Amino acid sequence: MTTAGPLAGIRVIEVGVMLAGPYATMMLADLGAEVIKVEPPGGEISRQVSDSYFASLNRGKRSICLDLKSEAGKAKLGELLADSHALLVNMKPSVIRRLGLTYESLSRFNPKIVCVAMTGFGLNGGDDPAFDYVIQAATGVAAMTGEPDGPPTLPGYSSADNSTGLTAALGLLAMIVSGKGGQVDVCLRDVMLSQLNYRASAYLNGGVEPHRHPFGAHSYYVPAQLFPTADGYLALFITHDGFWKSFAGEAGVDGFETMAERAARRGEVLDAVTAVLATDTALGWESRLKPLGIPAAAVRTLPQALTATPAVLVNAGDFRLVGSPIHVTGYTPDYRAAPVFDEYAAGESTVQAPVQSSS
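Residues numbered from 1 in each chain as written. Predicted model: local features only at pLDDT ≥ 70, side-chain atom pairs only at ≥ 80, totals over all residues. Heavy atoms only, no water.

Within an unreviewed UniProt entry, the label attached to the protein reads CoA:oxalate CoA-transferase, and the organism entered is Mycolicibacterium frederiksbergense.

Encoded structure:
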């Protein structure tokens, strides 16, 4: 029998827009939290993108329409917060404050409420435009991505929004566990700089600036990059001497036995590996190297990857989606459809009383 979700009894109110905020709360809903999505008259803007887009970020939630610019809307939000554990909002700082969506403004309804603000540059960082691609450009991600002689390049998905959503969910849960209400401030800029950890550390502590290498090669490990093969591209990631020994034995490459030697002779190593990988296809090399425990994978398109991993796919209403990446023993998420606009019925709640501090 499936147990209740680990977040059963937790209620989160979301005033979310587009991706970052809705993704954060969807992860919580997948784990059993009750998530009520507050939408403005006419609906949250991502409903205009496509039904599948909205479903991919809002499954398992409930929707209520509130005009937070009105006194009636603010009063209803206060009623919801009185029996909730957290509020999460992603908007510009000026809008968050104007709508009164901070702990300072909302603690009168519930002193234990956790208020999470997701912004581009922090609640006190101003209202400069802060969409995902802008943040990737501003934090150095785009500059270090792509071929050495090519233009800066952006990843093919919203890495800043998704990463910030997960970080905000972590901060929200940490405050709930503490049993104390308060303000959590998470911004896209800081999250992306944090995720550049060892790159930033190399510069801050040794003045080493990141440089792009062909085929997305790693700065430290050699060979660790994409390689052309007889058919398709192969990602090969050799991080230590044991991997190299196994690869060299299968591929018939001599020498370069230590990590230091491979790093010092990068060009020679890459020439040798490129030549040998051209003798078989990407899928052929993957089938030969994986049984040896060597990190390697043929480059697949998204459709190919989804076809190869049917276990990650779920049904949520009328939509086929990628399920939660968090697997809890004994618990299977109830993947319900994204909510119909303003379908929430007052009084239907699965929450317990907000967590109380023992102090």
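Back to the text.
What follows concerns helix H2 (residues 51-58). Those residues of H2 lying buried are Phe54, Ala55, Leu57 and Asn58. Residues of H2 that are buried sit in contact with strand S1 (11-15), helix H1 (20-30), strand S2 (34-39) and strand S11 (319-322). One or two residues past the end of H2 sits Gly60, with phi positive at roughly 75 degrees. (Buried < 20%, exposed > 50% of the residue type's maximum accessible area, 1.4 Å probe, protein only. Helix = DSSP H or I, 4+ residues; strand = E, 2+ residues; numbered from the N terminus. Contact = heavy atoms within 4.5 Å.)

On to the nonpolar core. In terms of nonpolar packing, the biggest core is built from 23 residues, with Leu236, Trp244 and Phe247 touching the most fellow members. Within the residue set of this core, elements represented by two or more residues are strand S8 (233-237), helix H10 (241-251), helix H12 (266-277), helix H13 (282-289) and strand S9 (296-298). (Core = buried A, V, L, I, M, F, W, Y, C linked by side-chain atoms within 4.5 Å.)

This part takes up the sheet that holds S2. Spatial strand order, S3-S2-S1-S4-S5-S6: six strands in an open sheet with parallel pairing. Whereas interior strands pair on both sides, the edge strands pair on one side only; in this sheet they are strand S3 (62-65) and strand S6 (182-187). Pairs of neighbouring strands in the sheet enclose a mean axial angle of 20 degrees, with direction left out of account. By the bridge criterion, six bridges tie strand S5 (residues 114-119) to S6 in an arrangement that is parallel. Counted as the bridge partner of Thr119 is Cys187 from S6. (Pairing = 2+ DSSP bridges. Axes fitted to C-alpha atoms, helices over the stretch in contact; angles between N-to-C directions.)

Attention shifts here to the environment of Phe131. Tracing the chain through its elements places Phe131 in the loop between S5 and helix H6 (132-138). Under the relative-accessibility criterion, Phe131 is labelled exposed at 64%. The spatial distance from the C-alpha of Phe131 to the C-alpha of Asp241 is 42 Å, given a sequence separation of 110 residues.

One open sheet accounts for three strands, arranged S7-S8-S9; its pairing is antiparallel. One side of each edge strand has no neighbouring strand; the edge strands of this open sheet are strand S7 (224-228) and S9. Taken pair by pair, the neighbouring strands of this sheet meet at an average axis angle of 20 degrees, ignoring direction. When S8 meets S9, the two strands line up antiparallel, connected through three bridges. Counterpart to Ala235 in the pairing with S9 is Ala297.

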